[in-house]
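What the coordinates show
Listed here are the chains, written in short residue letters.
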Amino acid sequence: MADLVVQRPEGLYCPPGDFYIDPWRPVARAVITHAHSDHARAGHGHYLASQQSQGVLRTRLGEIALQALAYGERIVHNGVALSLHPAGHVLGSAQVRLEHGGQVWVASGDYKVAPDRTCAPFEPVKCDVFITESTFGLPIYRWCPDDEIFADIDDWWGRNVLAGRASVLTCYSFGKAQRILSGVDPSIGPIVVHGAVEPLNRAYRVAGVELPETRMVTDVKDRADLKRALVVCPPSAAASPWMRRFGDASTAFASGWMQLRGARRRGGWDRGFVLSDHADWPGLMGAIGATGARRVIVTHGSGPVMVRYLAEQGLQAQAFDTEYGGDGVEADVQPEAPSGDAA
Amino acid sequence: MKRFAALFAELDATTSTNAKVDALQRYFGQAPAADAAWAVYFLAGGKPRQVVPTSHLAILACEVAGIAPWLFDECYQAVGDLAETIAHVLPRDSQPGDVGLAV
């Protein structure tokens, strides 16, 4: 039986349907799993994505020919039945389920299985072949519950308020920033966000996600407020003149990479909060098991490790080379790669 | 041991010398004398003579974590520190004990 998804120079391609999933080169028809810029690129002729991702996609890509599908809604294109299912990664993120000729394939995009107040929870989808990401595909990556991380962030912020220092928390502007905003205790002090974060906040609020009040730095009239503020910005801003106005601030980075001490020290952060929008090792293995798939194709991350491990578990495993996670945007997420091949 | 671990976490969590000095003052104000003496020894870079070979530690960690040695090696490649690798693969303790530093 012919494969429903194959690798092409443009991206992952569905031959019977004649469309791509998260292609990295311009194509006529693209199914987009989520709006992170290594997955949702500009220049495609036609976009198909989840209804919940419309706002963020347009915020990032402007006016595009976008067809939106509700989660679970089924369409048939060139004889391939396609539906989107929540991936729990960021607002609007979706797994792509394809059915054709008696086979079911699911492409996960990026996903996490732990609950997140800012997006629909990951939904296990039964399939014959599962295409999974592997960003944190090593047993050293195991996450703590969100509540513990948010308590740590609140504690750090509270201590900084007492010490009269701003708390600069760097993170990815889309997804991670909103998850942090929805999780911290806004009674501790004012929340200031970078210009890269606020447009995404707006898109989240329009989509019905509740976020605390956020201010741009130019809206803060009383300089003393800056010393009590939680400042949420992308890591690139932390190295820019934009940071000077906060003076002697405590800096932190929220990312799954912060699990490793070396990654945190090399970044020069005071604090690293281990908060990821990707599944940890137990999450990846649980998600793969729940699909019931006998064949698993591993994309970006710890591909070779996952392939070997899954083969040892008796699954038919292989890897796809993709261009996710390797561009400047992902470098922004992970300023210091702890290991070269773990992208 | 927990108090010393908390101190280490606190020292590790800041790049400010003042904050580190504060944390040290708090620790030495509270720690039992015997623990405090060992803490000085460790913080000054002291290392007791090796009791268990590191290769043995790695094998034990694989057994307790239930992972194959090749997978442990992959983890070590990513972490770059044996003790940290072991800490990250071991099951999280459900009944944490508290043993003094001077035991």
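Residues numbered from 1 in each chain as written. Chains lettered and ligands numbered in written order. Predicted model: local features only at pLDDT ≥ 70, side-chain atom pairs only at ≥ 80, totals over all residues.

The number of helices and strands found in chain A is 10 helices and 19 strands. Dimensions along the principal axes, computed over C-alpha positions, put chain A at roughly 65 × 45 × 30 Å. Split into buried and exposed, the 343 residues of chain A put 52% on the buried side. Considering only contacts within chain A whose residues lie at least 6 apart along the sequence, 59% involve residues at least 24 apart. (Helix = DSSP H or I, 4+ residues; strand = E, 2+ residues; numbered from the N terminus. Buried ≥ 20, exposed ≤ 12 C-beta atoms within 10 Å, placed from the backbone. Contact = placed C-beta atoms within 7 Å.)

Take the overall build of chain B next. Counting its secondary structure elements, chain B contains 6 helices and 0 strands. Scanning chain B from its N terminus toward the C terminus, one meets helices and strands in the order α-α-α-α-α-α. Relative to a compact globule of 103 residues, whose C-alpha radius of gyration would be 13 Å, chain B shows 16 Å and is clearly more extended. Expressed along its principal axes, the backbone C-alpha trace of chain B runs to roughly 45 × 30 × 30 Å. For chain B, buried positions account for 15% of its 103 residues. (Rg over C-alpha atoms; globule rule 2.2 N^0.38 Å.)

The next point concerns the domain arrangement of chain B. When the parts of a complex come together, some accessible area is lost, and that lost area is often used as the size of the interface. Domain annotation for chain B reports domain 1 (2-43) and domain 2 (54-89). On a C-alpha basis, the centroid separation for the pair domain 1 of chain B and domain 2 of chain B is 27 Å. (Domains from an automatic or database assignment.)

On to the sheet that holds strand S1 (residues 6-8) of chain A. Residues and elements named next belong to chain A. Strand order across the open sheet formed by 6 strands is S1-S2-S3-S4-S5-S6, with mixed pairing between neighbours. Of all the strands in the sheet, the pair left with one neighbour each is S1 and strand S6 (66-69). Averaged over all pairs of adjacent strands, the angle between strand axes in this sheet comes to 35°, irrespective of strand direction. Relative to S6, strand S5 (residues 46-50) runs parallel, the two being bridged by 4 bridges. When the sheet's bridge partners are listed, Leu48 is paired in S6 with Gln67. (Pairing = 2+ DSSP bridges. Axes fitted to C-alpha atoms, helices over the stretch in contact; angles between N-to-C directions.)

Before going further, it helps to examine the sheet that holds strand S10 (residues 103-107) of chain A. All names here are of chain A. Taken together, the 7 strands give an open sheet; going across it, the order is S7-S8-S9-S10-S11-S18-S19, and neighbouring strands pair in mixed fashion. A strand with exactly one partner marks an edge of an open sheet, and here the two such strands are strand S7 (74-77) and strand S19 (316-319). The average undirected angle you get between the axes of adjacent strands in this sheet is 25°. Alignment of strand S8 (residues 80-86) against strand S9 (residues 94-100), held across 6 bridges, turns out to be antiparallel. Looking at S9, one finds that Leu84 is bridged to Val96. Here helix H8 (residues 281-291) sits on the sheet in contact with S10, strand S11 (129-134) and strand S18 (295-301), set at roughly 170° to S11. Together, S11, S18 and S19 form the strand contacts of helix H9 (residues 303-312), whose direction differs from that of S19 by roughly 170°.

One broad rule of soluble globular proteins: the nonpolar side chains tend to lie buried together. Among the nonpolar cores identified, the biggest contains 103 residues, and Val96, Trp105, Leu169, Ala177, Ile180, Val231 and Val232 of chain A are the most heavily contacted of them. Sorting elements by how many residues they give to this core places helix H5 (residues 69-79) of chain B first, with 5 residues. Setting aside residues up to four positions removed in sequence, Leu169 of chain A forms contacts with Ile153, Ile180, Leu230, Val231, Val232, Ala252 and Ala254 of chain A. (Core = buried A, V, L, I, M, F, W, Y, C linked by C-beta atoms within 7 Å.)

On to the interface of chain A and chain B, then. With 14 residues of chain A at the contact, the number on the chain B side is 16 residues. Counting residues per element, the ones that place at least two in the side of chain A that touches chain B are helix H7 (261-267) and H9 of chain A. Its residues assigned to classes, the side of chain A that touches chain B comprises 8 nonpolar, 3 polar and 3 charged. (Nonpolar A, V, L, I, M, F, W, Y, C, P; charged D, E, K, R; others polar.)

Here we take up the packing of helix H4 (residues 54-65) of chain B against helix H6 (residues 82-89) of chain B. All names here are of chain B. Viewed as axis vectors pointing N to C, H4 and H6 meet at an angle of 15°, and their least axial separation amounts to 9 Å. Considering the angle they form, H4 stands roughly parallel to H6. Considering the relative orientation of H4 and H6, their crossing is left-handed. Where H4 abuts H6, its residues Thr54, Leu57, Ala58, Ala61 and Ala65 lie against Leu82, Ile86 and Val89. (Parallel < 35°, antiparallel > 145°, perpendicular 65-115°, else oblique. Left-handed = near helix turned anticlockwise from the far one by under 90°.)

Next up on the list: the domain arrangement of chain A. Residue and element names in this part refer to chain A. Each assigned domain of chain A is listed with its residue range as follows: domain 1 (6-141 + 277-342) and domain 2 (146-273). One C-alpha centre belongs to domain 1, the other to domain 2, and the line joining them spans 28 Å. Taken together, the contact pairs 23 residues of domain 1 with 28 residues of domain 2. No other element matches the 3 residues that helix H1 (residues 54-61) contributes to the side of domain 1 that touches domain 2. Residue composition of the side of domain 1 that touches domain 2, by class: 11 nonpolar, 7 polar and 5 charged.

With that settled, the discussion passes to the packing of helix H1 (residues 2-12) of chain B against helix H2 (residues 17-30) of chain B. Residues and elements named next belong to chain B. Relative to each other, H1 and H2 sit at 170°, their axes nearing to 9 Å. The angle between the axes of H1 and H2 places the two elements in the roughly antiparallel class. Counting all contacts with H1, which are made through Arg3, Leu7, Glu10 and Leu11, the residues of H2 involved are Lys20, Ala23, Tyr27 and Gln30. Broken down by class, the residue content of the contact of H1 with H2 amounts to 4 nonpolar, 1 polar and 3 charged.

For the rest of this paragraph, the subject is unusual backbone geometry. Residue and element names in this part refer to chain A. Positioned with a positive phi, Asp18 is a non-glycine residue whose angle comes to about 55°. Within the fold, Asp18 resides in the loop between strand S2 (11-14) and strand S3 (19-21). By C-beta crowding, Asp18 is classed as partly exposed, having 13 other C-beta atoms within 10 Å. Its identity is not glycine, yet Asp22 carries a phi of approximately 45°, on the positive side. In this structure, Asp22 sits in the loop between S3 and strand S4 (29-31).

It is worth spelling out the confidence of the model for chain A at this point. Mean pLDDT for chain A: 91, with 95% of residues reaching 70 or above. Note that pLDDT drops below 50 for residues 326-343 of chain A; the model gives that stretch 34 contacts with residues more than four away or on any other chain. (pLDDT = per-residue confidence, 0-100.)

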